[in-house]
Amino acid sequence: MEYALEIKALRKEYPGFTLRDVSFVLPRGHIMGLIGPNGAGKTTVIKLILNIVRPSAGEVKIFGLDNLRHEEEVKSRTGFVLDETPFYGYFKVAGAASVIAPFYKAWDGARFEMLCREFELPLTKRVNALSRGMKMKLALAVALSHGAELILLDEPTSGLDPVFRRELLERLSGLIQDGRTSVLFSTHITSDLERVADYITFLREGDLIFSAGRDEILEKWAIVKGGTELLDEKTSKLFRSVSRGPYGFTALTADKEESRRVLAGRGAVIERIHLDDLVFFLGREGQQKEEAARE
Amino acid sequence: MSKPAIALLKKDLRTTRILWAPMAFSYGVFLLMFMENAWVYLATGACLTFVAAATALGIDDRYQTEPLFAALPGTRGSLVRGRYLTWGVVAAAGLALFLANTVLIHTSFGSRAPRLASLVSLKGGTAFLAGTLLAGLVFLPFHFRFGFWRAMWWFTAAGIGLSVAALNAVAFLVPSGVSAGGQTSALPGSFVSTARGLRALVWLIERYMGRPAVIAAAAVVLAVSVYLSYRMSMRFYRNRDL
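Residues numbered from 1 in each chain as written. Chains lettered and ligands numbered in written order. Predicted model: local features only at pLDDT ≥ 70, side-chain atom pairs only at ≥ 80, totals over all residues. Heavy atoms only, no water.

Examining the overall build of chain B
To keep things clear, this is the line we draw: Helix and strand assignments come from DSSP, with helices taken as H or I runs of at least 4 residues and strands as E runs of at least 2, each series counted from the N terminus. Only C-alpha atoms enter the radius of gyration, while the globule expectation follows 2.2 Å times N to the 0.38, with N the number of residues. Between two residues, a contact is recorded if the distance between any of their heavy atoms is within 4.5 Å. Charged-residue counts in this description rest on Lys and Arg as positive and Asp and Glu as negative, His and the chain ends being excluded. By convention, the charge on Lys lies at NZ, on Arg at CZ, on Asp at CG and on Glu at CD.
What chain B contains, in helices and strands, is nine helices and zero strands. In chain B, the succession of α and β elements from N to C terminus is α-α-α-α-α-α-α-α-α. Against the globule reference of 18 Å for 242 residues, chain B gives a C-alpha radius of gyration of 19 Å, in line with a compact fold. Taking contacts inside chain B between residues at least 6 apart in sequence as the whole, the part at least 24 apart equals 76%. Each charge sign in chain B was given a centre, from 22 positive and 7 negative side chains, and these centres are 6 Å apart.

As structure tokens, this is what we get:
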């Protein structure tokens with residue numbers, strides 16, 4: 001399989017935070033969602049791919065090329081939206097793009113203008129006067145105007161209204177139809193990913209928890225609900241994280257079939273998982289481990 | 001020069017374009033204020049050119065665009081080269097503006113500023129460029145290591161320290177009669193030798209700067225400074241997280 005992005009044992013050490021040996025691959029022509037609680041390292045991964053921050057160790061390959069040794073080439077084939085949208089506020093929309101255009105050999109001014117029209121982004125409006133959502137649209141228009149084959153988006157849907165968010169997701173789905181373009185997309189809004197992502201990578205406190213196909217996740221992982229009397233040594237081994245309430249428990253399992261087998265006929269309910277549940281339970285598991293370590 | 005470095009130069013020129021007219025106007029006004037002392041006049045021109053060159057960096061700091069440009073096609077090296085290129089272009093433009101202003105002021109106020117004519121020469125041009133470029137060559141490594149504002153503080157501290165040390169050393173290079181005299185007796189002790197150094201520097205420039213050998217030596221010093229400054233900037237910027 002041909003990969004748009006290969007990350008091997010990527011490590012970044014900051015005072016108080018370490019991204020620990022993260023490895024995953026994104027096959028060409030697919031969308032990958034990067035999820036995890038705040039401070040998980042999602043933005044750090046994207047910044048490492050773009051060489052905005054320097055890795056402490058590890059390797060990033062884009063289209064099979066090392067991102068540091070072939071920096072100019074891989075960046076010219078990569079579009080991005082950063083979590084902040086740093087454009088010069090006193091420039092008009094058209095001017096903001098004209099500052100960036102000379103960096104790209106394949107910049108397509110007509111496409112940029114067309115995207116601005118589609119996004120209802122007035123070319124003559126000053127960047128200062130744009131809302132956060134509109135600035136995000138500008139960043140997206142820039143990212144999509146030079147024929148990028150890999151698009152890295154850091155929280156692109158934050159600040160966007162639901163209508164445009166849906167349109168953006170449809171556009172991303174449309175982009176990968178050529179089988180050439182790939183998208184890595186970090187977000188807190190996991191419902192967005194359920195619509196479009198082919199792969200999900202979950203980070204927590206700098207650790208890679210998993211990176212797998214969405215269908216595989218939905219097939220293997222599940223939410224289990226039942227009375228607290230079901231929580232014994234055997235069932236606890238099946239659960240990654242358990243939330244106890246007055247009327248029973250809700251737990252996350254990474255082995256739906258085994259849970260079904262063990263809990264058969266005992267009154268437990270096994271439900272389809274949503275990515276939101278995954279973020280909640282795995283985030284909670286992290287907190288519980290942290291608390292246990294402190295104690 | 002690589003395409004990204006030229007793209008960065010174009011970007012710097014675009015982002016500062018709005019300031020060119022007010023800068024040129026204030027440049028003229030400031031020079032007019034100091035026209036009676038040719039060397040203070042020259043130092044003012046060099047300082048204003050430094051400010052003009054640093055403005056592009058200040059604007060980038062204001063809008064926090066460093067991560068954006070680091071993510072665009074190019075390398076950290078091409079960004080460093082682009083900044084040095086901008087500095088060179090602004091210094092050249094500053095020199096042209098300086099010479100044009102000097103001719104204009106000398107023509108209009110020749111009787112009040114008789115010594116300005118001497119600056120429109122190889123000697124004046126070399127002194128101006130040496131001052132402007134050396135300041136940039138000291139500032140840029142700080143910028144690439146610390147970012148704009150911290151670099152400004154470091155540059156100011158290092159600049160004052162280095163200048164005072166250099167001026168104190170220069171005072172010993174000239175005959176004792178040259179650097180003595182003036183109104184230095186009113187200054188506290190350590191400033192007296194610095195003021196002597198300033199007089200000695202002016203004397204050295206007036207006496208030697210126009211000579212081909214000195215210009216060649218200045219060019220060599222400048223080339224070595226460019227090399228060292230560039231290498232330091234590259235080393236700092238390559239390892240910096242943005």
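So, the interface of chain B and chain A
To be explicit about the condition: Note on terms: buried area is the combined drop in 1.4 Å-probe accessible area of two parts once they are placed together, counting the loss on both. Within this document, salt bridges are pairs made up of a side-chain nitrogen of Lys or Arg and a carboxyl oxygen of Asp or Glu, the two lying within 4 Å of each other. Contacts described as polar in this section are N or O atom pairs within 3.5 Å, which, within protein, must combine one atom able to donate a hydrogen with one able to accept it, while residues neighboring in sequence count only if both atoms come from side chains. Note on residue classes: Ala, Val, Leu, Ile, Met, Phe, Trp, Tyr, Cys and Pro are nonpolar, Asp, Glu, Lys and Arg are charged, and everything else, Gly too, is polar.
Taken together, the contacts link 29 residues of chain B with 28 residues of chain A. Of the roughly 2700 Å² buried at the junction of chain B and chain A (both faces included), carbon and sulfur atoms supply 65%. One can count one salt bridge joining chain B with chain A. Its salt-bridge partner being K12 of chain A, residue D241 of chain B comes within 2.7 Å of it at the nearest N-O pair. Our count for the contact surface shared by chain B and chain A stands at 14 residue pairs in polar contact (both at pLDDT 80 or more). Mapped by element, the contributors of at least two residues to the side of chain B that touches chain A are helix 1 (3-33), helix 2 (38-62) and helix 3 (66-71) of chain B. Per-element accounting of the side of chain B that touches chain A gives the leading share, nine residues, to helix 1 of chain B. Of the residues belonging to the side of chain B that touches chain A, the class tally is 14 nonpolar, six polar and nine charged.

Some points on the environment of G210 of chain B
All names here are of chain B. Relative to the helices and strands, G210 is located in the loop between helix 8 (189-208) and helix 9 (212-238). For the pair G210 and T126, spaced 84 residues apart in sequence, the C-alpha to C-alpha distance is 8.2 Å. Setting aside its immediate chain neighbours within four residues, G210 contacts K123 and I215.

Digging into the packing of helix 1 of chain B against helix 4 (residues 76-109) of chain B
All names here are of chain B. Where we set the bar: For helices, the fitted axis covers only the stretch in contact; all axes are lines through C-alpha atoms, and the angles between them, taken along N-to-C directions, range from 0 to 180 degrees. Angular relationships are summarised with four words: roughly parallel below 35 degrees, roughly antiparallel beyond 145, roughly perpendicular across 65 to 115, and oblique for the angles in between. Helix crossings fall into two classes, left-handed where the near helix is turned counterclockwise from the far one by less than a right angle and right-handed where it is turned clockwise.
Between helix 1 and helix 4, the least distance of the axes is 10 Å, while the angle of their chain directions is 25 degrees. Relative to helix 4, the element helix 1 is oriented roughly parallel. For helix 1 against helix 4, the interelement crossing comes out right-handed. Of the residues that constitute the contact of helix 1 with helix 4, the class distribution is 16 nonpolar, six polar and four charged.

Notes on the packing of aromatic side chains
The following threshold applies: Only the six-membered ring of Trp is used, alongside the rings of Phe and Tyr, when aromatic pairs are assigned; centres must lie within 6.5 Å, and planes under 30 degrees apart are stacked while those over 60 apart are edge-to-face, with the rest tilted. Only protein chains enter the calculation, and the probe is 1.4 Å; a residue is then buried if its accessible area is under 20% of its type maximum, exposed if over 50%, and partly exposed in between.
All chains considered together, the criterion is met by 30 aromatic pairs over all chains. Aromatic side chains Y90 of chain A and F91 of chain A sit 5.1 Å apart centroid to centroid with 80 degrees between the ring planes, which places their arrangement in the edge-to-face category. Taken as a pair, Y90 of chain A and F91 of chain A share a single burial class, namely buried. Each member of the aromatic cluster is reached from another via a ring pair, and the members are Y88, Y90, F91 and F103 of chain A together with Y63 and F69 of chain B.

Overview of the pairing of strand 11 (residues 222-226) of chain A
Residue and element names in this part refer to chain A. Formally: Criterion used throughout: strands pair if DSSP finds at least two bridges between them.
Most of strand 11 is tucked away: four of the five residues are buried. Where strand 11 meets strand 13 (residues 248-253), five bridges bridge the pair, whose relative direction is antiparallel. Residue pairing across strands places I223 opposite L252, the latter belonging to strand 13. Relative to strand 14 (residues 269-272), strand 11 runs antiparallel, the two being bridged by four bridges. Within strand 14, the position partnered with A222 by the bridge is R272.

With respect to the sheet that holds strand 11 of chain A
Residues and elements named next belong to chain A. Strands sit in the order 12-13-11-14 across an open sheet of four strands; the sheet is antiparallel. Edge positions in the open sheet fall to strand 12 (239-245) and strand 14, since each of these has one partner strand only. Neighbour-to-neighbour, the strand axes of this sheet turn through a mean angle of 20 degrees, independent of strand direction. Strands strand 11, strand 12 and strand 13 of the sheet are contacted by helix 11 (residues 275-294), whose axis makes an angle of about 90 degrees with strand 12.

Section: a nonpolar patch on the surface
For clarity, the threshold we go by: Note that patches include only residues with greater than 30% relative accessible area and no salt bridge, and the join distances are 9 Å for like charges and 5 Å for nonpolar side chains (Val, Leu, Ile, Met, Phe, Trp, Tyr). Shrake-Rupley sampling with a 1.4 Å probe provides the accessible areas, and residues are treated as covered by the protein chains on show and by no other component.
A contiguous nonpolar patch, built from F25, V29, F30, M33, F34 and V40 of chain B and spanning about 550 Å² of accessible area, is present on the exposed surface. Per-element tally for the nonpolar patch: the top contributor is helix 1 of chain B, with four residues.

Notes on the pattern of salt bridges
All names here are of chain A. Counted under the stated rule, the structure contains 30 salt bridges over all chains. Measuring nitrogen to oxygen at the nearest pair gives 3.5 Å for the salt bridge that ties E149 to R28. Taken as a pair, E149 in the loop between helix 5 (132-143) and strand 7 (150-154) and R28 in the loop between strand 2 (17-27) and strand 3 (31-35) lie far apart in primary sequence, 121 residues in all. In this structure R28 comes out as buried when scored by relative accessible area, which is 16%. The shortest N-O distance in the salt bridge between R171 and E118 comes to 2.0 Å. One end of the pair, R171, is in helix 6 (residues 162-175); the other, E118, is in helix 4 (residues 109-118), and 53 residues separate them in sequence. Here R171 falls in the partly exposed class, since its relative accessible area comes to 24%. Each of E2, R28, E73, R77, E149, D178 and R180 takes part in salt bridges that share partners, so that together they form one network.

Coordinates in, geometry out; function isn't part of it.
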